[in-house]
Amino acid sequence: MKDLTKMAIKETTALTILALAEMIFLFPFIKDGILGILYGSAFSITSWWLMVKDVKSFVKKGALFKYGFLLRYFLYAVGMGTAIFYGNRFFVGTVLGILNLKFSLFIFGRWLSENTTN
């Protein structure tokens, strides 16, 4: 269980680094989308920790289906649904922030998998 928490902290750090790099790089081009990246990244971090919580409960109880899966996708829908009211650039930034979870796993995957047991 401690390895899972360690990996979750590493992934949160990687996601934060990626979001900050995107914000610095994209600031001159789309200033409206920068807050969207923060907004979407907050939803990504929240869903990541919900997923870690689901995996821990799955390991302990062995349940086949948890409602955390539906909750995570509901949070994504709420995030993107509320972002569209702030404009197109904010929405695109939010989508990019939500996708940061996938991007950070792809970019930092080797670092995240270090010191884990199979």
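Our structure is the block above this text.
Residues numbered from 1 in each chain as written. Predicted model: local features only at pLDDT ≥ 70, side-chain atom pairs only at ≥ 80, totals over all residues. Heavy atoms only, no water.

Within the secondary structure, Y67 is located in the loop between α2 (31-61) and α3 (68-83). Residue Y67 is classed as exposed on the basis of its relative accessible area of 64%. On a C-alpha basis, the gap between Y67 and D54 in space is 8.8 Å, while along the polypeptide they are 13 residues apart. (Helix = DSSP H or I, 4+ residues; strand = E, 2+ residues; numbered from the N terminus. Buried < 20%, exposed > 50% of the residue type's maximum accessible area, 1.4 Å probe, protein only.)

With that out of the way, let us pick up the packing of α2 against α3. Between α2 and α3, the least distance of the axes is 9 Å, while the angle of their chain directions is 175 degrees. The angle between the axes of α2 and α3 places the two elements in the roughly antiparallel class. The residues of α3 that touch α2, namely those facing Y39, F43, T46, S47, L50, M51 and D54, are G68, F69, L71, R72, L75, Y76, G79, T82 and A83. Each residue belonging to the contact of α2 with α3 can be placed in one class, and the counts come to 9 nonpolar, 5 polar and 2 charged. (Axes fitted to C-alpha atoms, helices over the stretch in contact; angles between N-to-C directions. Parallel < 35°, antiparallel > 145°, perpendicular 65-115°, else oblique. Contact = heavy atoms within 4.5 Å. Nonpolar A, V, L, I, M, F, W, Y, C, P; charged D, E, K, R; others polar.)

On to the nonpolar core, then. One finds L15, F43, W48, V52, Y76, I98 and L101 forming the largest nonpolar core, which totals 7 residues. The contact partners of Y76, leaving out residues within four places of it in the chain, are F43, S47, I98 and L101. Of all hydrophobic cores here, the second largest spans 5 residues; its members include M23, L26, I34 and I37. (Core = buried A, V, L, I, M, F, W, Y, C linked by side-chain atoms within 4.5 Å.)

Moving on, we get to the layout of surface pockets. The volume enclosed by the largest pocket comes to roughly 210 Å³. Along the walls of the largest pocket sit S47, M51, F69, R72, Y73, Y76, M80, V95, I98, L99, L101 and K102, which together make up its complete lining. Counting only elements with at least two residues in the lining of the largest pocket, the list comes to α2, α3 and α4 (88-107). A class-by-class count of the residues in the lining of the largest pocket yields 9 nonpolar, 1 polar and 2 charged. (1 Å grid on protein atoms, 1.4 Å probe; cavity = no way out; pocket = protein on both sides within 12 Å on 5 of 7 lines; lining within 4 Å. Points joined across faces, edges and corners; volume = space filled by probe spheres on them.)

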